[in-house]
Structures are given as C-alpha cells and as structure tokens.
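# Per-entry structural report
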Amino acid sequence: MGINVLYLDKMNEPMERMILEMCPPDVDLKFLQPNIGEKGTLEEAECLFDTTFQVTRDIIDQVPNLKLIQRTGVGVDMVDTAYAKEKNIPVSICRGFNSSSVAELAVLDMLALYRHIVDLTVLSRKKEWHTWTYRHESFELLGKTVGIIGGGAIGREVMKRVKAFGTNVIYSDVVRMDTALEEQLGCRYVSFDELIRSSDIISIHAPLLESTRGMIGAEQFEMMKDTALLINTARGQIVDADALTEALKTGKIRGAAVDTFVPEDPMFGVELDNLIVTPHVGAATYDNYYRVYKFGLENAQRVAAGKEPLGCL
C-alpha cells in the first residue's frame, strides 16, 4: 500500500532530484513548491516532510488525512507540536543524523575566526597582501579551553573533534553524562557560570526551550573573557542578539559565529569584522540530507504499512 508524501519547503533542483531518485515506488512524493517534481496539495497529503517550513495549526488543519510530520532535522520550533499531539499526529525527528555536519561547521567557525580566514580572503581578492596584518591576533586551538553548552549528540561530536587539536574541554548541561563517558570524551563537567567565565571558546549545542531562550545575554558577556569566541550553531534565540552585537562592537569578546537565525533576526545584515554569519547551513550537507531523506522515506513506508514511525517525540 502506498502513501502520499508532500515536501513543504522550496528546495533547489539538485536536492529535489536527489530525493526523487531515491524515492521508492510505493511512496508518491510531491512538492508544495516544485522545481522538477510534481506539485502536490495539503489536502491530498498523508505525510508532510518539513525542513524550515512553519507547520502551524492552520497548516495541520488543511491536511485531513495526516498520519506523520517528518522533520529533516532535530528542532521542532517550526512545528506546532502541542496541536499535533492533540490531533494524535506523530512528529518524527532525525535525532543524531546531523551531528557530524553541525560539529564540523562549529570547528570550522572556531578556526576561521582565530585565523581571520574571511578577512584575508576578502583582502586577497582585492590584491592586497596582508601577510603581517593579523599575525599578532591569530591563534591556535592548541591549549585553549573550549566550553560546550549542551552535552547531547552534537556537543559530543564537537568534543571529539576539538580534543584532536589539543584543547581542554569543559561542558555544562542540565543532565550530566555518566563519568565513564566523560572520561572517554576527555571532558569535564562544570556549572554554566564557570563555563562562561573560563572558556576561551564557547560553543552552543542546546535546544531552544523556554529555559534556554536568551540564556546568554549582557550579564553573560560581562562574565566572559575579553578574548572569548562565541559559536552558535544551535538556535539564534538562545543568545540575545542586541547584547551580542554590543559585545562585538565594544570588544567585550573577540569574535562570534552565528549560523542559526532567520532573515528577520537582528544579526542578519550586521557588518562587523569579528562576526561570521551563515544562513542556517550547519546540517545542510549532501551527505547528511542523503541520510535524512532515506530515513524519512522509510518512515513513510512504515506508516503506510501500519507500523509506528521511528524517531518520534
């Protein structure tokens, strides 16, 4: 028995072609905003695939035969999960799938800020030779203290990678991992305030919850080292954007990299030499999306066969 799947987001053509080519024959895959695939409607869908599209109560009400909301990531802030639960519609996430992609971006941001890669690229394109300009403020990861906020799947992958650079790794989380795992990862558990004060680099890998919204603001920036870097590949709302902008402008911290924000966010369009911004591409690798799409399509097949979908909240 087949199932009707509707992809909600506007994709680029290569990614749309990828999921179409891997789609099994018993899954009728259509797109709300197609490039090369067939256009579908909410009314005929039984399973919704969602990347960044806002699946609101109104959207859910337009899908009378909805059996599954399949996220291609781990965050659910774009889905009205309370209403989905009320309607008994399962919401599946790709837990752990994007860990390597996001972790690699976090480490890339650390290195790019420390070595002024963006600045030097821009200057070199102008045929300006700046071999000495940044030597006094270029640094290695070796010997630095990296503080990880959130010891989940992504945070642990960052730990593994930065340990290879000879760093001292500390972390803070509402749930502490067992000591055997801490020893294996080579990390040390500390309080949130100690992490903020002690870290040369702070990398955020916590979910967006009411308890984490705005958890890093003016007070935390005052506590940080003046030489600190802040890396946010989690959710933009975890950091107070105005406080971050002020800290960067005044030199309260050395630099920051922000990946997770929306076009309406105050960080979008800010021009600061010590800020790297990317448009939420942490998980956006071909490798990761191949895994994600395969999982989602298999989940749709499970639902069609009357089985429980995997990865549900």
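Position labels on residues start from 1 in each chain and follow its written sequence. Per-residue local features are limited, in this predicted model, to residues with pLDDT of at least 70; the limit for side-chain atom pairs, both in listing and counting, is 80 or more; totals at the level of whole chains, interfaces and linings are taken over all residues. Side-chain numbers here rest on the full set of heavy atoms in the structure, without hydrogens or water.

## Some words on the environment of Pro309
As a reminder of what qualifies: Only DSSP runs of H or I covering at least 4 residues are called helices, and only runs of E covering at least 2 are called strands; the numbering of each starts at the N terminus. Note on definitions: a residue-residue contact is assigned when non-hydrogen atoms from the two residues lie within 4.5 Å.
Along the polypeptide, Pro309 turns up in the segment after α11 (286-304). Residues Pro309 and Gln70 lie 239 residues apart in sequence; the distance between their C-alpha atoms is 9.3 Å. In contact with Pro309, other than residues within four places in its own chain, are Leu68, Pro90, Asn299, Arg302 and Val303.

## With respect to helix α10 (residues 241-250)
The α-helix winds at 3.6 residues per turn, so residues separated by three or four positions along the chain end up facing the same way. Inclusion rule: Each residue is placed in one exposure class: buried if its accessible area under a 1.4 Å probe, protein chains only, is under 20% of its type's maximum, exposed if it is over 50%, and partly exposed if it falls in between. Counting of polar contacts relies on pairs of N or O atoms within 3.5 Å, with two restrictions inside protein: one atom must be capable of donating a hydrogen and the other of accepting it, and residues adjacent in sequence are counted only when both atoms are side-chain atoms.
Residues Ala241, Ala243, Leu244, Thr245, Ala247 and Leu248 constitute the buried set of α10. At the N-terminal end of α10, a side-chain oxygen is found 3.0 Å from the backbone nitrogen of Asp242, two or three residues along, and the residue is Asp240.

## Topic: the state of the cysteines
Condition: Any cysteine sulfur atom paired with another within 2.5 Å is treated as part of a disulfide.
Taken as a whole and judged by the stated rule, the model has 0 disulfides. Distance from the sulfur of Cys23, which forms no disulfide, to the nearest cysteine sulfur (Cys47) is 11 Å. The structure places no disulfide on Cys47, whose sulfur is separated from the nearest cysteine sulfur, that of Cys312, by 10 Å. Among the residues examined, Cys47 registers a relative accessible area of 0% and is labelled buried.

## Some remarks on the packing of aromatic side chains
The way to describe two aromatic rings as a pair is by their centre distance and the angle between their planes. The test is simple: Between 30 and 60 degrees the pair is tilted, below 30 it is stacked and above 60 it is edge-to-face, where a pair is any two Phe, Tyr or Trp rings, Trp via its six-membered ring, whose centres lie within 6.5 Å.
Within the structure shown, the criterion is met by 7 aromatic pairs. Between Tyr7 and Phe31 the ring centres are 6.4 Å apart and the planes differ by 25 degrees, which places this aromatic pair in the stacked class. Of this pair, Tyr7 sits in strand β1 (residues 3-7) while Phe31 sits in strand β2 (residues 27-31), placing them 24 residues apart in sequence. Judged by relative accessible area, Tyr7 falls into the buried class, the value being 1%.

## Comments concerning the nonpolar core
Cut-off, in case you're wondering: Take the buried Ala, Val, Leu, Ile, Met, Phe, Trp, Tyr and Cys residues and link them wherever side-chain atoms come within 4.5 Å; each set so joined is a nonpolar core.
Counting residues in hydrophobic clusters, the biggest one holds 31 residues, and the most contacted among them are Ile149, Ile216, Phe221, Met224, Leu230, Leu244 and Ile253. When contributions to this core are tallied by element, the ones reaching two or more residues are α8 (192-198), β9 (201-204), α9 (218-223), α10 and β11 (255-258). For this core, the element with the most residues is α10, which contributes 5 residues. When near neighbours in sequence (up to four residues on either side) are disregarded, Ile216 contacts Ile149, Phe192, Ile196, Ile204, Phe221, Met224, Leu230, Ile238, Val239 and Asp240. Ranked by size, the runner-up nonpolar core spans 27 residues in total, among them Ala106, Ile231, Ile276 and Ala283.

## Considering empty space enclosed by the protein
To keep things clear, this is the line we draw: Whether a set of points on the 1 Å grid over the protein atoms alone is a cavity depends on a 1.4 Å probe fitting there but being unable to get out, while an open set qualifies as a pocket with protein on both sides within 12 Å along at least five of seven lines; lining residues are those with an atom within 4 Å of a point. Grid points are joined across faces, edges and corners, and a volume is the space filled by probe spheres set on the points. Only Asp, Glu, Lys and Arg are considered charged, only Ala, Val, Leu, Ile, Met, Phe, Trp, Tyr, Cys and Pro nonpolar, and every remaining residue, Gly among them, polar.
Scanning all chains against the criterion turns up 2 cavities of 30 Å³ or more. Size it by volume and the largest cavity reaches roughly 50 Å³. If you go around the largest cavity, the residues you meet are Asn232, Gly236, Val239, Ala241, Leu244, Val258, Phe261, Asp265 and Met267. Looking at the lining of the largest cavity residue by residue, the class counts come to 6 nonpolar, 2 polar and 1 charged. What the second largest cavity holds in volume is close to 40 Å³. What lines the second largest cavity is Asn4, Val5, Leu6, Asp28, Lys30, Gly40, Thr41, Glu44 and Ala45. Secondary-structure elements contributing two or more residues to the lining of the second largest cavity are β1 and β2. The element contributing the most residues to the lining of the second largest cavity is β1, with 3 residues. Of the residues belonging to the lining of the second largest cavity, the class tally is 3 nonpolar, 3 polar and 3 charged.

## Quick look at the pattern of salt bridges
As a reminder of what qualifies: What makes a salt bridge here is a side-chain nitrogen of Lys or Arg within 4 Å of a carboxyl oxygen of Asp or Glu, nothing more.
This structure, assessed with the given rule, holds 16 salt bridges. One salt bridge in this structure joins Arg161 and Glu157, with 2.7 Å as the shortest N-O distance. Taken together, the residues span about one helical turn, with Arg161 and Glu157 both in helix α6 (residues 153-163) at a distance of 4 residues. Residue classification places Arg161 among the partly exposed residues on the basis of a relative accessible area of 23%. Here Glu157 falls in the buried class, since its relative accessible area comes to 18%. As a salt-bridge pair, Glu182 and Arg176 come within 2.7 Å of each other at their nearest N and O atoms. Salt bridges here are not isolated pairs; linked through shared partners, they connect Asp28, Lys30, Glu38 and Glu44.

## Points about the packing of helix α4 (residues 99-115) against α6
Using the following cut-off: Lines fitted to C-alpha atoms define the axes, with helix axes restricted to the stretch in contact, and inter-axis angles between N-to-C directions lie between 0 and 180 degrees. Any angle that is under 35 degrees is reported as roughly parallel, and any over 145 degrees as roughly antiparallel; angles of 65 to 115 degrees are reported as roughly perpendicular and all others as oblique. Handedness of each helix crossing follows the sense of rotation of the near helix against the far helix: counterclockwise by less than a right angle gives left-handed, clockwise gives right-handed.
Where α4 meets α6, the axes come as close as 8 Å, and the angle between the chain directions of the two elements is 50 degrees. Viewed along their axes, α4 and α6 adopt a mutual orientation that is oblique. The element α4 and its partner α6 pack so that their crossing is right-handed. Two secondary-structure elements touch here, α4 through Ser99, Ser100, Val102, Ala103, Glu104, Ala106, Val107 and Met110 and α6 through Ala153, Ile154, Glu157, Val158, Arg161 and Val162.

## Some remarks on the sheet that holds strand β12 (residues 275-277)
Short version of the rule: Any two strands are treated as partners once DSSP identifies two or more bridges connecting them.
The parallel open sheet is built from 7 strands, whose spatial order is β8-β7-β6-β9-β10-β11-β12. The open sheet terminates on both sides in strands that have one partner only, identified here as β8 (187-189) and β12. For this sheet, the mean angle separating the axes of adjacent strands, direction not counted, is 15 degrees. In terms of strand pairing, β9 meets strand β10 (residues 229-232) through 4 bridges, oriented parallel. Each residue of the ladder has a partner; that of Ile204, found in β10, is Asn232. The strands that α10 touches are β10, β11 and β12; relative to β11, the one it contacts most, it runs at about 145 degrees.

Purely geometric numbers; function is a separate question.
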